[in-house]
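Residue-level structural notes
Read off the chains here:
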Protein chains: 2
Amino acid sequence: MGTPTAAQPTMTELLELLAAVGAAQGQDFAAAAARHGLTSMQAKVLAQLDGPLSMHALAERLACDASNVTGIVDRLQAHGFVLREPSPTDRRVKNVVRTERGRETILHVHQEMRATHAALDSLDETEQAALYALLERLRPIMEYPADDR
Amino acid sequence: MGTPTAAQPTMTELLELLAAVGAAQGQDFAAAAARHGLTSMQAKVLAQLDGPLSMHALAERLACDASNVTGIVDRLQAHGFVLREPSPTDRRVKNVVRTERGRETILHVHQEMRATHAALDSLDETEQAALYALLERLRPIMEYPADDR
DNA sequence: TATTGTTATACTCTATAACTATA
DNA sequence: TATAGTTATAGAGTATAACAATA
């Protein structure tokens with residue numbers, strides 16, 4: 001056999017490892033956000049705001065109730081990270097947009113995820129491409145866990 | 001070239017995909033926990049309790065302050081999922097242990113992570129082994145994001 | 001002196017329900 | 001009638017600081 005064969009992992013082992021890596025990545029993100037005075041949730045909002053999003057669209061992206069978004073955006077706005085703009089086409093809608101400060105801050109947060117960058121940098125290009133291809137297969141299947149809710 | 005070559009992903013694309021899969025897995029876990037009346041954090045505690053753990057050891061595993069663990073364990077204990085036992089060797093220490101109900105419940109939660117199971121099941125054995133090997137490489141590097149804290 | 005667990009405090013995130021203004 | 005956003009409420013997680021019991 002050409003390639004050294006690793007022991008076949010059990011489903012449980014795979015689940016645990018995926019959870020461990022996911023948790024570590026989440027902590028890395030939260031720590032980077034905290035250095036900029038942001039909670040994890042506030043930083044996630046900034047990360048979603050590549051373009052303007054209504055409060056409801058934001059709630060959908062964050063997978064939480066719309067009533068929560070009011071408070072989270074309130075706090076971001078109070079510190080100058082985002083603005084609320086009235087929609088020109090629907091007077092009920094408010095579009096949330098990043099300020100320049102918000103844009104720069106979330107960029108720094110992502111850049112400062114040192115543990116995650118170090119881990120991914122430890123893979124060579126072939127391994128990175130393989131990991132990407134595998135995760136890309138999982139994403140569409142995992143993206144809709146919500147039978148109930 | 002023998003194998004079809006995927007486009008080389010950028011570091012940003014890899015980061016975003018890893019975050020998306022991690023978030024989806026976390027939501028799948030939280031939804032399964034909620035079906036059993038547990039919050040995500042409470043279920044994480046049950047998952048850690050393969051054996052007895054002191055309150056401080058539990059805090060370390062959960063990457064949160066020890067003062068939080070008091071309340072989380074209080075609520076688990078009030079619903080019969082865990083017990084506090086005095087340590088025989090150090091009278092300051094309380095060891096937290098799962099009850100039979102706690103053991104069965106966290107087992108069900110893990111079994112009911114349908115989206116995650118479906119995603120991993122969609123990979124054949126070779127792909128599962130490859131994913132496991134790659135994640136195993138990342139874990140030790142990501143596990144210690146806490147320069148600061 | 002240091003450590004373990006708890007309490008008090010203040011803040012954030014969370015869902016639910018009810019409200020308003022628009023559509 | 002339905003939708004967008006907000007408010008009020010109650011519960012849960014979070015860190016900080018202070019404390020009693022024990023090491």
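Since we're looking at a predicted model, the values are computed, not measured. (Residues numbered from 1 in each chain as written. Chains lettered and ligands numbered in written order. Predicted model: local features only at pLDDT ≥ 70, side-chain atom pairs only at ≥ 80, totals over all residues. Heavy atoms only, no water.)

**Points about the nonpolar core**
In terms of nonpolar packing, the biggest core is built from 76 residues, with A:L58, A:L131, B:L58 and B:L131 touching the most fellow members. Three or more residues apiece are contributed to this core by two domains, here domain 1 (31–111) and domain 2 (114–142) of chain A. Excluding residues within four positions of it along the chain, B:L131 makes contact with A:L14, A:L131, A:L134, A:L135, A:L138, B:L120 and B:L123. (Core = buried A, V, L, I, M, F, W, Y, C linked by side-chain atoms within 4.5 Å. Buried < 20%, exposed > 50% of the residue type's maximum accessible area, 1.4 Å probe, protein only. Domains from an automatic or database assignment. Contact = heavy atoms within 4.5 Å.)

**Quick word on the relation of the copies chain A and chain B**
Under the fitted operation, chain A is carried onto chain B by 0.0 Å of movement along the axis and a turn of 180 degrees, and the coordinates agree to an RMSD of 0.1 Å. In symmetry terms, the pair is related by a two-fold rotation axis. In terms of proximity to the rotation axis, the leading residue of chain A is A:G22, whose C-alpha is 2.3 Å off the axis. A share of 100% of the interface residues of chain A reappears at the interface of chain B, consistent with the copies meeting face to face through the same patch. (Least-squares fit on C-alpha atoms with pLDDT ≥ 70 in both.)

**Remarks on the protein's contact with DNA strand D**
Looking at DNA strand D, there are 21 residues lining it, with A:H56, B:T39, B:S67, B:N68 and B:R75 nearest. Taking the atoms of DNA strand D that fall within 4 Å of the protein, sugar and phosphate contribute 67% of them. Within the side chain of A:T70, an N or O atom sits 3.1 Å from a phosphate oxygen of DNA strand D. In this structure, a phosphate oxygen belonging to DNA strand D sits 2.7 Å away from a side-chain N or O atom of B:T39. For the surface near DNA strand D, the secondary-structure elements that each account for two or more residues are helix 3 (55–62) and helix 4 (66–78) of chain A together with helix 2 (40–48) and helix 4 (66–78) of chain B. Per-element accounting of the surface near DNA strand D gives the leading share, four residues, to helix 4 of chain B. Split into classes, the residues belonging to the surface near DNA strand D amount to five nonpolar, eight polar and eight charged. (Near = heavy atom within 4 Å. Polar contact = N/O pair within 3.5 Å; in protein donor to acceptor, adjacent residues only side chain to side chain. Helix = DSSP H or I, 4+ residues; strand = E, 2+ residues; numbered from the N terminus. Nonpolar A, V, L, I, M, F, W, Y, C, P; charged D, E, K, R; others polar.)

**A word on the packing of aromatic side chains**
Applying the stated criterion across every chain, the model contains zero aromatic pairs over all chains. Stacked on the ring of A:F81, the Lys or Arg A:R101 has its end atom at 4.4 Å from the ring centre. (Phe/Tyr/Trp six-rings, centres within 6.5 Å; stacked < 30°, edge-to-face > 60°. Lys NZ or Arg CZ within 6 Å of the ring centre and 35° of its normal.)

**Points about the environment of A:E85**
Residues and elements named next belong to chain A. Along the chain, the position of E85 falls in strand 2 (residues 82–86). For E85, a relative accessible area of 38% translates into the label partly exposed. Between the C-alpha atom of E85 and that of L53, which follows or precedes it by 32 residues, the distance is 9.8 Å. Apart from the residues lying within four places of it in its own chain, the contact partners of E85 are V93, K94, N95 and V97.

**Re the sheet that holds strand 3 (residues 94–98) of chain A**
Residues and elements named next belong to chain A. Ordered by their spatial adjacency, three strands build an open sheet running 1-3-2, and the pairing between neighbours is antiparallel. Since the sheet does not close on itself, it has two edges, and those belong to strand 1 (53–54) and strand 2, each with one partner. Bridge analysis of strand 2 against strand 3 gives five bridges, and the strand direction is antiparallel. Across the sheet, residue L83 finds its bridge partner in strand 3, namely V97. (Pairing = 2+ DSSP bridges.)

**Comments concerning the interface of chain A and chain B**
Tallying the contact residues gives 48 residues for chain A and 48 residues for chain B. A buried area of about 5,300 Å², summed over both sides, lies between chain A and chain B, and 73% of it is on carbon and sulfur atoms. Considering only the surface of chain A that becomes buried against chain B, A:L17, A:Y132 and A:M142 emerge as the three largest contributors, covering 12% of it. Our count for the chain A to chain B interface comes out at two salt bridges. Counting every contact that joins chain A to chain B gives six residue pairs in polar contact (both at pLDDT 80 or more). (Buried area = accessible area lost by both parts, 1.4 Å probe. Salt bridge = Lys/Arg side-chain N within 4 Å of Asp/Glu carboxyl O.)

**A word on the pattern of salt bridges**
One pass over the structure, following the stated rule, counts 12 salt bridges over all chains. We note a salt bridge from A:R137 to B:E127, for which the minimum N-O separation is 2.8 Å. Residue A:R137 is located in helix 7 (residues 125–142), and its partner B:E127 is located in helix 7 (residues 125–142); the two belong to separate chains. The class of A:R137 is partly exposed, set by a relative accessible area of 36%.

Interpretation in functional terms is not warranted from these geometric data alone.
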